[in-house]
Amino acid sequence: MPLTILYRGPTERGVSWRQKVLALLPDTRWYDWPTVPEPEQVDALITWLPPDNYQQLLPNLQLIFSVGAGVDQFSPATLPPHIRLVRMIDPGINKMMSSFVLSAVLMLHRQHLAYAQQQRNSLWQPQSVALPEECRVGIMGLGQLGAGIAGQLAYLGFQVAGWSQSAKQLPGVTTFAGQTALADFLSGLDILVCLLPLTDDTRDILCRDTLQQLPVGAALINAGRGQHLVEDDLLQLLNSGHLSYAVLDVFRQEPLPAEHPFWQHPAIHITPHIAAVTRHDSAGQQLAANLQRFLAGAAMAGEVDKQKGY
Ligand code: NDP
Ligand code: OXD
């Protein structure tokens with residue numbers, strides 16, 4: 001049976017993905033939201049955010065494809081058993097997240113945020129200079145994104161640690177697993193990078209209790225989700241000097257409201273959720289290949305364990 005797909009998102013990306021899917025699976029029927037002539041025929045929904053009441057609207061839905069790597073917006077554990085959830089696994093996302101995290105680590109390591117402030121005050125004042133091997137970077141989340149980035153940081157000479165749910169072995173990376181190892185992981189870091197998925201276990205994980213286990217002067221990079229971070233706790237730890245800087249790409253409310261204290265804080269560097277952006281070209285190919293796997297009854301890349309939530 002050919003598939004009927006409902007796509008919801010920017011038109012340009014829809015055109016590109018439709019072409020790639022039809023090139024591989026020419027019998028596919030493709031609807032672009034909000035035009036859904038036969039909603040009961042829709043097998044697969046491709047979207048970043050699900051439309052209201054989509055499960056009632058699409059009674060035969062079998063598949064949801066997130067256009068991004070994260071799936072928390074679908075509340076995976078609440079999906080019925082017959083709906084499978086697939087996140088975007090795409091080399092383009094990996095490359096972009098790598099360049100974001102590497103640039104943020106290097107910016108902190110070489111004190112560029114301090115120099116940016118000094119420049120605003122015409123202040124010529126060298127900061128301490130360290131070699132990469134004198135800087136300890138820890139990655140929370142050693143999945144598709146975190147594991148590769150940990151390896152790249154190790155290659156650059158940084159001391160790298162990683163923390164995940166299950167035990168891992170990665171060349172050049174000291175690994176920690178599970179809640180019981182979190183304190184040991186945190187206590188030896190100069191820079192903490194959050195690349196966790198948002199689940200019930202990871203919501204608010206970047207709170208006072210966790211962040212104050214970092215050594216004094218450590219910095220935070222959050223490219224996971226805004227709901228990982230307890231914002232007031234971060235402000236207090238920056239203001240007390242326990243933490244030196246925070247580089248934040250994701251926020252509890254996006255766009256970040258104009259009156260939010262983060263905007264004017266001298267120790268916070270903000271980017272507008274751009275660490276990794278799904279690309280039309282490579283992601284479209286991944287999507288088409290996954291649909292082909294689905295029709296062949298094969299395992300799809302990035303299918304989410306709905307109970308785990310990632
Ligand atoms: P993966 O699912 O591949 O990896 C998740 C990692 O987190 C795994 O190593 C997993 O451990 C670990 N983990 C999950 N829960 C826990 C926990 N309770 N304790 C310890 N470790 C845990 O995800 P990706 O690497 O593909 O993506 C990570 C997240 O990055 C996405 O979910 C999304 O939120 C965010 N993201 C942000 C973007 C941006 O632009 N800012 C862009 C893309 C993604 P284990 O391996 O043992 O299961
Ligand atoms: C994603 C994101 O999850 O953009 O892909 O945050």
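Analysis parameters
- Here the residue index of a chain counts from 1 through its sequence in written order.
- Chains and ligands are labelled sequentially in the order written, the chains with letters from A and the ligands with numbers from 1.
- Whole-chain, interface and lining totals are the exception, using all residues; otherwise, since this is a predicted model, local features are given only for residues with pLDDT of at least 70 and side-chain atom pairs are given and counted only at 80 or more.
- Water and hydrogen atoms play no part in the side-chain values, which are based on all heavy atoms of the structure.
- Strands here mean DSSP runs of E at least two residues long; helices mean DSSP runs of H or I at least four residues long; both are numbered from the N terminus.
- We compute the radius of gyration from the C-alpha atoms alone; for a globule the expected value is 2.2 Å times N to the 0.38, where N is the number of residues.
- For each residue, the accessible area found with a 1.4 Å probe, counting protein chains only, is set against the maximum for its type, and the residue is called buried under 20%, exposed over 50%, and partly exposed in between.
- Contact criterion: two residues are considered in contact whenever any of their non-hydrogen atoms come within 4.5 Å of each other.
- The Shrake-Rupley method, run with a 1.4 Å probe sphere, supplies the accessible areas, and residue values consider only the shown protein chains as cover.
- Positive charges are assigned to Lys and Arg, negative charges to Asp and Glu, while His and the chain termini are left out of the count.
- Charge positions come from single atoms, namely NZ of Lys, CZ of Arg, CG of Asp or CD of Glu.
- Only when DSSP finds a minimum of two bridges between them are two strands counted as paired.
- With axes taken as lines fitted to C-alpha atoms, and helix axes fitted only over the stretch in contact, angles between N-to-C directions fall between 0 and 180 degrees.
- Throughout, the term near means that a residue has one or more heavy atoms lying within 4 Å of the molecule or strand in question.
- In protein, a polar contact means a hydrogen-donor-capable atom and an acceptor-capable atom, both N or O and within 3.5 Å, with residues adjacent in sequence counting only if both atoms are side-chain atoms; elsewhere, any N or O pair within 3.5 Å suffices.
- Note that Gly is not counted as nonpolar here; it falls among the polar residues with everything else outside the nonpolar set of Ala, Val, Leu, Ile, Met, Phe, Trp, Tyr, Cys and Pro and the charged set of Asp, Glu, Lys and Arg.

> Any details on the overall build of the protein? Residues and values, ideally.
Along its length, the protein carries nine helices and twelve strands. What you see for the protein is a C-alpha radius of gyration of 21 Å, in line with the 19 Å of a compact globule of 310 residues. If one aligns the C-alpha atoms of the protein with their principal axes, the spans along those axes are about 65 × 40 × 30 Å. Relative to its full complement of 310 residues, the protein shows a buried share of 49%. Look at the contacts in the protein between residues 6 or more apart in sequence, and 61% of them connect residues 24 or more apart. Carbon and sulfur atoms form 53% of the exposed surface of the protein, whose accessible area is close to 15,000 Å². Each charge class in the protein can be summarised by its mean position, and for the 20 positive and 26 negative side chains these summaries are 5 Å apart.

> Which residues make up the sheet that holds strand S8 (residues 173-177), and what values do they have?
Across the sheet, which stays open at both edges, the seven strands sit in the order S8-S7-S6-S9-S10-S11-S12 with parallel pairing between neighbours. Strand pairing shows two members of the sheet lacking a second neighbour, S8 and strand S12 (268-270), which therefore form its edges. This sheet shows a mean twist of 15 degrees between the axes of neighbouring strands, independent of strand direction. Alignment of strand S11 (residues 243-248) against S12, held across three bridges, turns out to be parallel.

> Could you give an account of the site of ligand 1, naming the residues involved and the relevant values?
Among the 28 residues in the neighbourhood of ligand 1, the closest are listed as Arg 87, Gln 144, Ser 166, Lys 168 and Tyr 310. Within the side chain of Asp 249, a nitrogen or oxygen atom sits 2.9 Å from a nitrogen atom of ligand 1. Relative to its free-state accessible area of 940 Å², ligand 1 is covered by the protein chains to the extent of 93%.

> With reference to specific residues and values, describe the site of ligand 2.
Taken together, the neighbourhood of ligand 2 is formed by Trp 48, Gly 68, Ala 69, Gly 70, Arg 225, His 273 and Ala 276. Backbone polar atom of Ala 69 to an oxygen atom of ligand 2: 2.6 Å apart, as the coordinates give it. Between His 273 and ligand 2, the recorded distance is 2.6 Å, taken from a side-chain N or O atom to an oxygen atom. For ligand 2, the accessible surface in isolation is 210 Å², of which the surrounding protein chains cover 83%. When the residues that make up the shell around ligand 2 are grouped by side-chain class, the tally is three nonpolar, three polar and one charged.

> Break down the environment of Thr 175 for me, with residues and values.
Relative to the assigned elements, Thr 175 resides in strand S8. Take Thr 175: its relative accessible area is 27%, and that puts it in the partly exposed class. Sequence-wise, Thr 175 and Ile 149 are 26 residues apart; in three dimensions their C-alpha atoms are separated by 14 Å. When residues no more than four places from it in sequence are discounted, the contact partners of Thr 175 are Leu 142, Gly 162, Lys 168 and Leu 170. Of note is the side chain of Thr 175, whose polar atom sits 2.7 Å from the backbone oxygen of Lys 168.

> Mind laying out the side chain of Thr 47, listing which residues take part and the relevant values?
Among the structural elements, Thr 47 can be located in strand S3 (residues 44-47). Residue Thr 47 is classed as buried on the basis of its relative accessible area, which comes to 1%. Among residues more than four places away in sequence, those in contact with Thr 47 are Arg 8, Phe 65, Ser 66, Val 67 and Phe 74.

> Summarise the sheet that holds strand S1 (residues 4-7); cite the residues concerned and give the values.
A sheet is described by the order of its strands in space; here five strands give the open sequence S2-S1-S3-S4-S5, paired in parallel fashion. Taken across any chain shown, the strands that pair with only one partner, and hence form the sheet edges, are strand S2 (29-32) and strand S5 (84-86). The mean inter-strand angle of the sheet, taken between neighbouring strand axes irrespective of direction, is 20 degrees. Relative to the sheet, helix H1 (residues 11-24) contacts S1, S2 and S3, its axis offset from that of S2 by approximately 175 degrees.

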